[in-house]
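Coordinates in review
Spelled out from the first residue to the last, the chains are:
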Amino acid sequence: STGEIKYIINTIWDLTVVQYSQQIDADTARNQMLAEEDIITCSDRMSHVIDLALRVANTDSTILLTGESGVGKTLLAKMIHRTSDRKTQQMMQINCAAIPETLIESELFGYEGGSFTGADRKGKPGLFEMAHSGTMFLDEISELPLHLQSKLLGVIQDQEFFRVGGRKAQKVDVRIIAATNKDLSALVAEGKFREDLYYRLNVVPIIIPPLRERREDISALIRYFTDKYNRKYNSYKKFSVSLIIRMVAMAWKGNIREVENTVERSIVTSPDDQISWEKDSPGA
């Protein structure tokens, strides 16, 4: 009644708690996403790779994944697509080393009717057209023939190309992810890969380390694949601790793919539920 202030009601936020909660939420979402993509890692080096991939996923920048065979380049490409703004559209994939040179151009760029012997008279769209508004994943990009490297450069620079036998330019909006297990810069120096295409692909380079350089992931991968194949084959087998220790020290030149194949083979062939080095050695 006198106009004097007796009480003040105030809300105080502990910002450290808010920031901590936000970090927990972000980490939970990240771990859930990695589980959905079957990406198993606990190493700092691989965590940095994943964090970089997630940071650039929502951009349209071209990404070049480099790493030995079996390190998980395809898994990482799928993760990038599925966490990007293009996730509701297609991700088309082609292994440039698996398709004969005579067919790869029509597979990538399509063809017009009657453009070559055996061609469908109605013509056929290529993978780039099918990937419109989505992602194009070019695996083993080092094996792309030189004459097609210039055509790919045109897609990146101008977002258009011509079908085989076509005269009308096809406009396309795609995000390109390329992968290789070769040293592209060395191939450029040898004249086996176009320098201008290399620089266009190498906008965001992501190098995936081999398993021998992140050995802390090996035991986690063994557990993961053991669970996976126990479920598949309705079994209850497990690796002995001594065997896992030995396996962690192995070379694993085939990386994650070799670990998976070794675990599956051991589960299928072992007569006992306990898989040990003496009885079921996966080899050195």
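Small disclaimer: the values here were computed from a predicted structure and weren't measured. (Residues numbered from 1 in each chain as written. Predicted model: local features only at pLDDT ≥ 70, side-chain atom pairs only at ≥ 80, totals over all residues. Heavy atoms only, no water.)

**Comments concerning the packing of aromatic side chains**
Summed over all chains, the structure comprises six aromatic pairs. Centroid distance Y198 to Y199: 5.3 Å. Interplanar angle 55°. Geometry classified as tilted. On the accessibility criterion, Y198 (14% relative accessible area) is buried. In this structure Y199 comes out as exposed when scored by relative accessible area, which is 52%. (Phe/Tyr/Trp six-rings, centres within 6.5 Å; stacked < 30°, edge-to-face > 60°. Buried < 20%, exposed > 50% of the residue type's maximum accessible area, 1.4 Å probe, protein only.)

**Quick look at the layout of surface pockets**
Roughly 530 Å³ of volume is contained in the largest pocket. G70, V71, G72, L75 and I256 are the residues nearest the centre of the largest pocket, which is lined by 25 residues in total. In terms of residue count, helix α3 (residues 73-82) provides more of the lining of the largest pocket than any other element does, five residues in total. Here the residues of the lining of the largest pocket sort into 10 nonpolar, six polar and nine charged. Approximately 190 Å³ is the volume attributed to the second largest pocket. Its residues assigned to classes, the lining of the second largest pocket comprises six nonpolar, three polar and four charged. (1 Å grid on protein atoms, 1.4 Å probe; cavity = no way out; pocket = protein on both sides within 12 Å on 5 of 7 lines; lining within 4 Å. Points joined across faces, edges and corners; volume = space filled by probe spheres on them. Helix = DSSP H or I, 4+ residues; strand = E, 2+ residues; numbered from the N terminus. Nonpolar A, V, L, I, M, F, W, Y, C, P; charged D, E, K, R; others polar.)

**Re the sheet that holds strand β7 (residues 204-207)**
Here we have five strands laid out as an open sheet, ordered β2-β3-β6-β1-β7, and parallel in their pairing. In this open sheet, the two edge strands, each paired with only one partner strand, are β2 (91-95) and β7. If you compare each strand with its neighbour and ignore which way they point, the axes differ by 15° on average. Bridge analysis of strand β1 (residues 63-66) against strand β6 (residues 175-180) gives four bridges, and the strand direction is parallel. Looking at β6, one finds that L65 is bridged to A179. (Pairing = 2+ DSSP bridges. Axes fitted to C-alpha atoms, helices over the stretch in contact; angles between N-to-C directions.)

**Topic: the pattern of salt bridges**
All told, the structure shown has 14 salt bridges when counted by the stated rule. For E213, the salt bridge goes to R45, with nearest N and O atoms at 2.6 Å. With a gap of 168 residues between them, E213 in the loop between β7 and α9 (216-233) and R45 in helix α2 (residues 44-56) connect regions that are remote in the sequence. Among the ionic pairs, K182 bridges to E143, the shortest N-O distance being 3.0 Å. Residue K182 is located in the loop between β6 and α7 (184-189), and its partner E143 is located in the loop between β3 (135-139) and α6 (146-158); the two are separated by 39 residues in the primary sequence. With relative accessibility at 37%, the residue K182 sits in the partly exposed group. Each of D60, R86 and D173 takes part in one network of salt bridges that share partners. (Salt bridge = Lys/Arg side-chain N within 4 Å of Asp/Glu carboxyl O.)

**With respect to the side chain of K237**
Along the polypeptide, K237 turns up in the loop between α9 and β8 (238-239). Despite its burial, K237 remains without a salt bridge, the nearest opposite charge being carried by D273 at 5.6 Å. Within polar-contact distance, the side chain of K237 engages the backbone oxygen of I267 at 2.6 Å. Here K237 is in contact with T226, N230, I267, V268, S270, D272, D273 and I275, once residues within four sequence places are set aside. (Lys, Arg positive; Asp, Glu negative; His and termini not counted. Polar contact = N/O pair within 3.5 Å; in protein donor to acceptor, adjacent residues only side chain to side chain. Contact = heavy atoms within 4.5 Å.)

**Details of the nonpolar core**
Membership of the largest hydrophobic core comes to 31 residues, with the highest contact counts inside it found for F128, M136 and I141. Listing elements by their share of this core, those giving two or more residues are β2, α4 (101-109), α5 (127-130), β3, α6, β6, α7 and α8 (195-201). With five residues, the top contributor of residues to this core is α6. Ignoring sequence-local partners within four residues, the contact set of I141 consists of L64, C96, L152, A178, A179, T180, L184, F193 and L201. Core analysis: the next-biggest nonpolar cluster, separate from the first, contains 21 residues, I63, M91, F137 and I206 among them. (Core = buried A, V, L, I, M, F, W, Y, C linked by side-chain atoms within 4.5 Å.)

**What to know about the packing of α9 against helix α11 (residues 255-269)**
Where α9 meets α11, the closest approach of the two axes is 9 Å, and the angle between their N-to-C directions is 45°. The angle between the axes of α9 and α11 places the two elements in the oblique class. The element α9 and its partner α11 pack so that their crossing is right-handed. Residues L221, I222, F225, T226, K228, Y229, N230, K232 and Y233 of α9 form the contact with α11, whose participating residues are I256, V259, E260, V263, E264, I267 and V268. When the residues that make up the contact of α9 with α11 are grouped by side-chain class, the tally is 10 nonpolar, two polar and four charged. (Parallel < 35°, antiparallel > 145°, perpendicular 65-115°, else oblique. Left-handed = near helix turned anticlockwise from the far one by under 90°.)

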